[in-house]
Amino acid sequence: VSMKRTVLQTFCSLLLTCLLVGSCISYRFTGTNINYDIIKTIQIDKIANRAPYGWAPMEAIFNNKLQDQYVNQTRLKLVKRSGDLQVAGEITAYDQFNKAIAADGYASQVQLRMTVNIRFKNNKTGQTWEKQFSATTQYDSTQQLAAVQETLVTEMVKDLCDQIFNATVADW
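Please read these numbers as outputs of a predicted model, since none were measured by experiment.

## Quick notes on the nonpolar core
Ranked by size, the top nonpolar core spans 38 residues in total, and within it F62, L66, Y70, Y94 and M114 carry the most contacts. Elements represented by at least two residues in this core include exactly β1 (41-44), α2 (58-73), β4 (85-101), β5 (107-122), β6 (128-140) and α3 (145-169). Sorting elements by how many residues they give to this core places α3 first, with 11 residues. If we skip the residues at most four places from it in the chain, Y94 touches A51, Y53, G54, W55, M58, L112, R113, M114, Q149, V153 and M156.

## Quick word on α2
The end-to-end C-alpha separation of α2 is 22 Å, in line with the 22 Å expected for 16 residues at 1.5 Å each. Within α2 the residues assigned to the buried category are M58, E59, F62, N63, L66, Q69 and Y70. Seen from one end, α2 has its buried residues packed into an arc of 130°, which puts them on one side. In this structure, the buried residues of α2 make contact with β1, β2 (48-49), β4, β5 and α3.

## Brief notes about unusual backbone geometry
Even without a glycine there, the phi angle at S82 is positive, about 60°. Mapped onto the fold, S82 is located in the loop between β3 (77-79) and β4. The exposed category is assigned to S82, whose relative accessible area is 62%.

## Overview of the side chain of T74
Position of T74 relative to the elements: it lies in the loop between α2 and β3. A distance of 2.4 Å separates a polar side-chain atom of T74 from the backbone oxygen of Y70. Within the local environment of T74, its side chain forms a polar contact with the backbone nitrogen of L76, the two atoms lying 3.2 Å apart. Each residue touching T74, except ones within four places of it in the same chain, is listed here: T32, I34, Y36, Q69, F165 and V169.

## Digging into the confidence of the model for the chain
Taken over all residues, the pLDDT of the chain has a mean of 86, while the share at 70 or more is 81%. Within the chain, the element-level pLDDT minimum falls on helix α1 (residues 2-24), averaging 57, and the maximum on β1, averaging 98. Across residues 19-30, where pLDDT falls below 50, the model places two contacts with residues more than four positions away in sequence or in other chains.

## Some words on the packing of α2 against α3
α3 packs onto α2 with a crossing angle of 40° between their chain directions and a minimal axis gap of 9 Å. Between α2 and α3, the crossing angle belongs to the class labelled oblique. Where α2 crosses over α3, the two elements pack in a sense that is right-handed. For the pair formed by α2 and α3, the contact residues are M58, I61, F62, K65, L66, Q69, Y70 and Q73 on the first element and V153, T154, V157, K158, L160, C161, D162, I164, F165, T168 and V169 on the second. For the contact of α2 with α3, the residue count by class is 12 nonpolar, four polar and three charged.

Reading guide: rules and limits
Residues numbered from 1 in each chain as written. Predicted model: local features only at pLDDT ≥ 70, side-chain atom pairs only at ≥ 80, totals over all residues. Heavy atoms only, no water. Core = buried A, V, L, I, M, F, W, Y, C linked by side-chain atoms within 4.5 Å. Buried < 20%, exposed > 50% of the residue type's maximum accessible area, 1.4 Å probe, protein only. Helix = DSSP H or I, 4+ residues; strand = E, 2+ residues; numbered from the N terminus. Contact = heavy atoms within 4.5 Å. Expected span 1.5 Å × (residues − 1). Arc of directions from axis to C-beta. Polar contact = N/O pair within 3.5 Å; in protein donor to acceptor, adjacent residues only side chain to side chain. pLDDT = per-residue confidence, 0-100. Axes fitted to C-alpha atoms, helices over the stretch in contact; angles between N-to-C directions. Parallel < 35°, antiparallel > 145°, perpendicular 65-115°, else oblique. Left-handed = near helix turned anticlockwise from the far one by under 90°. Nonpolar A, V, L, I, M, F, W, Y, C, P; charged D, E, K, R; others polar.

Right under this line is the structure:
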């Protein structure tokens, strides 16, 4: 009888624990601070490449990723004009420079940097700002930039879009 009671108590304890844990994990983190009753649309103007030096596909990669980020991570509808939120700007720099020098005096690492200037406006609250965002990555100097450029630009674009998203609609 005491064995059955111990097994029954253990089973009930486990069941109660499972129910409590299951009911506690009902919080859904969206990562945004958007009141969807007020903010329903976003307008993302084409971010033009105004960098003196650039890579042709960079502009399209950036614009597609930025739009995808808002569409996939919010419930905002992407519109061409009169958005509740508006994002505009331009790619202002795309630079490479020596990051590390080897013992022989030649560059061993090259750093690539991309900078964008973004203008943001919340037409519902009147909040506006203009900020620059930068992302960097590096590659081994034994590689040709053309061989690694797509991967590196994609990395930097992801970082930049995360920074812009966080600055415009995220909780942090």
